[in-house]
Amino acid sequence: MEFTGLIVRYRVDRPLTEEERAQQLKQKVRLNLEPRNQLSVIEMNSTYLESVDKWFAWKGAISAVAIISLVLVVWLLGGIGGLSLLEAAGLITGPSESTEGPGFLWAMGTVLMAICAALAWCSIWFLRRESFAYTHYPIRFNRKKRLVHIFGTDGKTLTVPWDDVFFTIGRVGAETEVRGHVLDPDKTTVRTSFVLSFVSVISAQDNDPRTTKFSDEDYVRSHWEFIRRYMEDGPQAVMGKIHSCMPVNGRRESAVAGARRIFANFAGGSLPLLFVVFPFCVVHSLFRVFAMRTSKIPQWPKEIEELCFVDPDDPFAIQGDKDGNVVAVFPGAARAAAVPTGASAHQ
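Below or above, wherever it landed, is the structure these notes cover. (Residues numbered from 1 in each chain as written. Predicted model: local features only at pLDDT ≥ 70, side-chain atom pairs only at ≥ 80, totals over all residues. Heavy atoms only, no water.)

A few words now on helix H5 (residues 219-233). Since one α-helical turn is 3.6 residues long, residues separated by three or four positions face the same way. Here H5 spans 20 Å end to end across 15 residues, near enough to the 21 Å set by a 1.5 Å rise per residue. Among the residues of H5, those classed as buried are Val-220, Arg-221, Ser-222, His-223, Trp-224, Glu-225, Phe-226, Ile-227, Arg-228, Arg-229, Tyr-230 and Met-231. Gly-234 occupies a position one or two residues after H5 and carries a positive phi of about 100°. (Helix = DSSP H or I, 4+ residues; strand = E, 2+ residues; numbered from the N terminus. Expected span 1.5 Å × (residues − 1). Buried < 20%, exposed > 50% of the residue type's maximum accessible area, 1.4 Å probe, protein only.)

This part is about the sheet that holds strand E11 (residues 318-320). In spatial order, the strands read E7-E6-E5-E4-E3-E11-E12; together these seven strands make up an open sheet with antiparallel pairing. Where the open sheet ends on each side, the last strands, each with one partner, are strand E7 (157-161) and strand E12 (326-328). Taken pair by pair, the neighbouring strands of this sheet meet at an average axis angle of 20°, ignoring direction. In this sheet, E11 lies alongside strand E3 (residues 41-44) in antiparallel orientation, the contact comprising two bridges. Among the inter-strand pairings, Met-44 is bridged to a residue of E11, identified as Ile-318. (Pairing = 2+ DSSP bridges. Axes fitted to C-alpha atoms, helices over the stretch in contact; angles between N-to-C directions.)

In this section: the sheet that holds strand E10 (residues 189-200). Here we have five strands laid out as an open sheet, ordered E1-E10-E9-E8-E2, and antiparallel in their pairing. Of all the strands in the sheet, just strand E1 (14-15) and strand E2 (24-25) have a single pairing partner and so form its edges. Both strand E9 (residues 175-183) and E10 contribute to a ladder of seven bridges, which runs antiparallel. When the sheet's bridge partners are listed, Arg-179 is paired in E10 with Val-195. Against the sheet, H5 touches E2, strand E8 (166-172), E9 and E10, its axis set at about 110° to E10. (Contact = heavy atoms within 4.5 Å.)

The next subject is the environment of Ser-200. Relative to the assigned elements, Ser-200 resides in strand E10. According to the relative accessible area criterion, Ser-200 is buried, its value standing at 16%. Between the alpha carbons of Ser-200 and Asp-218 there is a distance of 8.7 Å; along the sequence they are 18 residues apart. For Ser-200, the residues in contact, after removing those within four places along its chain, are Glu-175, Thr-176 and Val-220.

With that settled, consider empty space enclosed by the protein. For the structure on display, the rule yields two cavities of 30 Å³ or more. Size it by volume and the largest cavity reaches roughly 70 Å³. Considering the residues around the largest cavity, the lining is formed by Leu-6, Asp-53, Trp-55, Phe-56, Lys-59, Arg-129, Glu-130, Tyr-134, Thr-135, His-136 and Tyr-137. Among the residues making up the lining of the largest cavity, the classes are represented as five nonpolar, two polar and four charged. Along the walls of the second largest cavity sit Glu-253, Ser-254, Ala-255, Gly-258, Arg-288, Val-289, Met-292 and Arg-293, which together make up its complete lining. Among the elements of the structure, helix H6 (255-264) and helix H7 (271-293) are those that each provide at least two residues to the lining of the second largest cavity. No other element matches H7, which puts four residues into the lining of the second largest cavity. In terms of residue class, the lining of the second largest cavity is built from three nonpolar, two polar and three charged. (1 Å grid on protein atoms, 1.4 Å probe; cavity = no way out; pocket = protein on both sides within 12 Å on 5 of 7 lines; lining within 4 Å. Points joined across faces, edges and corners; volume = space filled by probe spheres on them. Nonpolar A, V, L, I, M, F, W, Y, C, P; charged D, E, K, R; others polar.)

Attention now goes to H6. When H6 is considered as a whole, its buried residues turn out to be Ala-257, Gly-258, Ala-259, Arg-261 and Ile-262. Buried-residue contacts for H6 involve H7.

Looking now at the environment of Phe-266. Mapped onto the elements, Phe-266 comes out in the loop between H6 and H7. For the pair Phe-266 and Val-277, spaced 11 residues apart in sequence, the C-alpha separation works out to 8.5 Å.

Turning next to the layout of surface pockets. Taken as a whole, the largest pocket spans an internal volume of roughly 790 Å³. Residue lining of the largest pocket: 33 residues in total, with Leu-39, Phe-198, Arg-261, Ala-264 and Asn-265 positioned closest to the centre. When contributions to the lining of the largest pocket are tallied by element, the ones reaching two or more residues are E10 and H6. A class-by-class count of the residues in the lining of the largest pocket yields 16 nonpolar, eight polar and nine charged. Empty space within the second largest pocket amounts to approximately 610 Å³. Forming the boundary of the second largest pocket are 23 residues, of which Gly-5, Gly-152, Thr-153, Thr-192 and Ser-193 lie nearest the centre. With four residues, E10 is the single largest residue contributor to the lining of the second largest pocket. In terms of residue class, the lining of the second largest pocket is built from 12 nonpolar, five polar and six charged.

Axes are the key here: two packed helices are described by the angle between their axes and the distance separating the axes. The N-to-C vectors of H6 and H7 enclose an angle of 130°; their axes lie 9 Å apart at closest approach. With respect to H7, the axis of H6 lies oblique. Seen from above, H6 lies across H7 with right-handed handedness. Between H6 and H7, the contacting residues are Ala-255, Gly-258, Ala-259, Arg-261, Ile-262 and Phe-263 on the first element and Phe-278, Cys-281, Val-282, His-284, Ser-285, Arg-288, Val-289 and Arg-293 on the second. Here the contact of H6 with H7 is composed, by residue class, of eight nonpolar, three polar and three charged. (Parallel < 35°, antiparallel > 145°, perpendicular 65-115°, else oblique. Left-handed = near helix turned anticlockwise from the far one by under 90°.)

Structure follows, in structure tokens:
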């Protein structure tokens, strides 16, 4: 659960660090890892692959914390402050043993109300970073034009050449992600950054820049390899790795699909862990519905859609149905080319 880039911006207008240079991931260098899509794909075809953002997996968490905090702050501090002001005004009577004068009560009530207002403003600010925003922030990897289209958190889009992006491993606390840096012509200064869909903890050995053989548990680089192979080798190289598509292509996900995505974060966990997190996942799912229903569906500009034209009867054109099952956009062409679609596994 990592929200850098949504809550706090990535540092830009700075030189690349030595660690970033040491951890660079090169577009033409194949890693000996199994490609994993990590429930990131929205749709794919021979022209482009579109993925969700890194915050999508936990969408609803910020809204849950913000709304619960807002309710508690207003109820507790607002109630105490309001009672103090009413008592100071003589509209209600406090405990008979109370020795505080009206001046103290006015001061305490005013301070508590001010604190309540400040905390409420903070809660609303956090809430608006996730709800009343966009349902997701897609990234399109345009293989035919060799471009990357990024839908920003401000609703603006950015298009950059795939071959010019400086990809590297980045760390936030204990978690690791793949970042794409857009550099100045000097190839040193970072002007803007974006992140691939998957964030996870990897071992110290896999994190070591000197490592040349990565473990099978390095899912972060495995996800990079999924994107890289699509762009370099084509859709046939990763088609068999996609068993579900996120059902947000021009629509809001259903409550059931949202709940499945939340529970998928704990897939493979032990039964005791699943028992403990079950009620939290249920509550989280409810706030995810709120976040999705109050947010807009992202729309790519016309010029990007024109760059992403999909050939009719593309056998590799897939997307998700309302439940996230993979379906062929052109089923006849897919059958004729023996392209497997319609799987429903979740990995």
